[in-house]
Amino acid sequence: MFEGYASQMGLDLQKFRTDRESAATLDKINSDLAGGLAIGVNHTPTFFLNGRELENPMNYDEFRNAILQALNDAK
């Protein structure tokens, strides 16, 4: 799937594959995973607003409304 995205974006697929399989990339993924798990993130996507986890908004309007509500609460 990701190679399809890379191809659609016109990326060099050989470099994409090499970078994807590199130790540095694996280290970054594992670090991000460990950091997320340490703060209780166990699914993607996960969104936080003002330090609180949002129930995953299903669309733009839900996301927008959550932000607007947070702005109103801050007044």
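Now for a description of the structure that goes with this document. (Residues numbered from 1 in each chain as written. Predicted model: local features only at pLDDT ≥ 70, side-chain atom pairs only at ≥ 80, totals over all residues. Heavy atoms only, no water.)

Observations regarding helix α4 (residues 60-73)
Worth spelling out the cut-off: Labels follow the DSSP assignment, with helices taken as runs of H or I lasting at least four residues and strands as runs of E lasting at least two, numbered in each case from the N terminus. For a helix, the expected span equals 1.5 Å multiplied by the number of residues minus one. Counting of polar contacts relies on pairs of N or O atoms within 3.5 Å, with two restrictions inside protein: one atom must be capable of donating a hydrogen and the other of accepting it, and residues adjacent in sequence are counted only when both atoms are side-chain atoms.
Here α4 contains 14 residues, and its C-alpha end-to-end distance of 20 Å stays within 8% of the 20 Å for a straight helix at 1.5 Å per residue. Near the N-terminus of α4, the side chain that reaches the backbone nitrogen of aspartate 61, with its oxygen 3.1 Å away, is that of asparagine 59.

Overview of a nonpolar patch on the surface
This is how the line gets drawn: Nonpolar side chains (Val, Leu, Ile, Met, Phe, Trp, Tyr) within 5 Å and like charges within 9 Å form the patches, drawn only from residues with over 30% relative accessible area and no salt bridge. The Shrake-Rupley method, run with a 1.4 Å probe sphere, supplies the accessible areas, and residue values consider only the shown protein chains as cover. By definition here, a salt bridge exists when the distance from a side-chain nitrogen of Lys or Arg to a carboxyl oxygen of Asp or Glu is within 4 Å.
Residues Met1, Phe2, Tyr5, Met9 and Leu11 make up a contiguous nonpolar surface patch of about 610 Å² in total accessible area. Following the sequence through the fold, leucine 11 ends up in the loop between α1 (2-8) and α2 (13-20).

With respect to the environment of leucine 49
Put simply, the rule reads: Accessible area is worked out with a 1.4 Å probe on protein chains only. A residue is then buried under 20% of its type maximum, exposed over 50%, and partly exposed in between.
Inspection of the secondary structure assignment puts leucine 49 in strand β1 (residues 48-49). Residue class for leucine 49 comes out partly exposed when judged on its relative accessible area of 21%.

Here we look at the packing of aromatic side chains
Worth spelling out the cut-off: When the centres of two rings from Phe, Tyr and Trp lie within 6.5 Å, Trp using its six-membered ring, the rings pair. Their planes under 30 degrees apart give stacked, over 60 give edge-to-face, and anything left gives tilted.
Going through the model one piece at a time under the given rule, you end up with 2 aromatic pairs. Considering the side-chain rings of phenylalanine 2 and tyrosine 5, the 5.9 Å spacing of their centres and the 75° angle between planes classify their relative orientation as edge-to-face. Linking phenylalanine 2 with tyrosine 5, this pair stays in helix α1, spanning 3 residues, or about one helical turn.

Some words on the pattern of salt bridges
Inspection of the entire model under this criterion finds 5 salt bridges. Notably, a salt bridge pairs aspartate 32 with lysine 28, separated by 3.0 Å at the nearest N-O pair. In this pair, aspartate 32 and lysine 28 are both assigned in helix α3 (residues 23-38), 4 residues apart and thus about one turn of the helix distant.

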